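# Working through the structure, step by step
The chain contents come next:
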Amino acid sequence: MVRKLIAFSFEPESMGGFAVVCNGVHFGRNGAFSHCYPLTKSAFVEAMKDRIKFNELLGIDIRDGWQNALKDAIEPFSTMTEDCDPAVAADAIAKADINVRGEDEVKKDMETLDADNKKIIAEVEKEVKIDEKSAKNVKKSHKTTKKAQKEVENDDKREEVVANSSESTGNEPDSGVSAEGTSTPDNA
């Protein structure tokens, strides 16, 4: 019986890696094949959840005697996540964009983005100036509230003023005549 082989290779901080598939038949003989496929970590992790998806990734039918080879190949990557270094991802995406669209188109897009960024920076600076002005106005309004608090502190002196005003009306507090008892049935 021929032993079928599958191997995967991923760099720790990369976006993807490679899969190698070999049907175990010696090279040069009838029916021998060996393929190398690039694949992303996200596609690999998704296929680990549903192993039938490896059919599309590897170009084989895993139900045709590839189960053991696949099990051994994915075992070292059972804890792998889709995480990658953002700088590596940005670099790979930029290179792919240049390869697909061309350097001139990418430069045009970069100029447009730079112009948009300058507009955004100007808007933010304008908003910051407005916020600084409103912060100054808020500080001024705080000064008026402090004056109001000082008036509240003088409440004790107000009671004295009320007592003094009752003396000036002719109703002295010790005269025996109370304001409560002076009402008539018509007023009540």
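An account of the accompanying structure is given in this report. No experiment lies behind these values; they were computed from the predicted model shown.

Attention now goes to the pattern of salt bridges. With the rule as written, the count across this model stands at six salt bridges. In this structure, Lys107 and Glu103 form a salt bridge, with 3.7 Å as the shortest nitrogen-oxygen distance. On the criterion of helical spacing, the pair formed by Lys107 and Glu103 is a turn pair, its members being four residues apart in helix α5 (residues 103–153). For Lys107, a relative accessible area of 46% gives the class partly exposed. On the basis of relative accessible area, Glu103 is assigned to the partly exposed category, the value being 48%. For the salt bridge of Lys126 with Glu123, the shortest nitrogen-to-oxygen distance reads 3.7 Å. Remark: Glu123 and Lys126 occur in helix α5; sequence separation between them is three residues, near one turn of the helix.

Our next topic: the sheet that holds strand β3 (residues 34–40). The sheet built from three strands is open, its strands ordered β1-β2-β3 with antiparallel pairing. Two strands in the sheet have a free side with no partner beyond their single neighbour: β1 (5–10) and β3. The mean angle between the axes of side-by-side strands here comes to 20°, regardless of whether they run parallel or antiparallel. Note: strand β2 (residues 16–22) against β3, seven bridges, orientation antiparallel. Looking at the pairing, Phe18 lines up with Pro38 of β3. Across the sheet, helix α1 (residues 41–49) lies against β1, β2 and β3, angled at about 100° from β3, the strand it touches most.

Next up on the list: the environment of Ala7. The topology assignment puts Ala7 in strand β1. For the pair Ala7 and Phe18, spaced eleven residues apart in the sequence, the C-alpha separation amounts to 8.2 Å.

Residues three or four positions apart in an α-helix share a direction because the helix packs 3.6 residues into each turn. Burial in α1 covers these residues: Lys41, Phe44, Val45 and Ala47. Down the axis of α1, the buried side of the element spans an arc of 160°, and every buried residue falls inside it. Packed against the buried residues of α1 are β1, β2, β3, α2 (54–58) and α3 (67–74).

Bringing the side chain of Asn23 into the picture now. As for its position among the elements, Asn23 is in the loop between β2 and β3. Separated by 2.6 Å, the side chain of Asn23 and the backbone oxygen of Gly31 make a polar contact. If near-sequence neighbours (up to four positions away) are discounted, Asn23 is found in contact with Val2, Arg3, Lys4, Gly31, Ala32, Phe33 and Trp66.

The next subject is the nonpolar core. Formed by 20 residues in total, the largest nonpolar core has its most connected members in Ile6, Phe8, Phe44, Phe54, Leu58 and Leu70. Where this core is concerned, the elements lending two or more residues are β1, β2, α1, α2 and α3. Element by element, the count of residues in this core is highest for α3, at four residues.

Moving on, we get to a nonpolar patch on the surface. A grouping of Ile120, Val124 and Val128 is seen on the molecular surface, where their side chains present a nonpolar patch of about 250 Å² in accessible area. Structurally, the position occupied by Val128 is in helix α5. Under the relative-accessibility criterion, Val128 is labelled partly exposed at 40%.

Rules and cut-offs
- Residues numbered from 1 in each chain as written.
- Predicted model: local features only at pLDDT ≥ 70, side-chain atom pairs only at ≥ 80, totals over all residues.
- Heavy atoms only, no water.
- Salt bridge = Lys/Arg side-chain N within 4 Å of Asp/Glu carboxyl O.
- Helix = DSSP H or I, 4+ residues; strand = E, 2+ residues; numbered from the N terminus.
- Buried < 20%, exposed > 50% of the residue type's maximum accessible area, 1.4 Å probe, protein only.
- Pairing = 2+ DSSP bridges.
- Axes fitted to C-alpha atoms, helices over the stretch in contact; angles between N-to-C directions.
- Contact = heavy atoms within 4.5 Å.
- Arc of directions from axis to C-beta.
- Polar contact = N/O pair within 3.5 Å; in protein donor to acceptor, adjacent residues only side chain to side chain.
- Core = buried A, V, L, I, M, F, W, Y, C linked by side-chain atoms within 4.5 Å.
- Patch = residues over 30% accessible without salt bridge, like charges linked within 9 Å, V, L, I, M, F, W, Y side chains within 5 Å.
- Areas by Shrake-Rupley, 256 points an atom, 1.4 Å probe, with all protein chains shown as cover.

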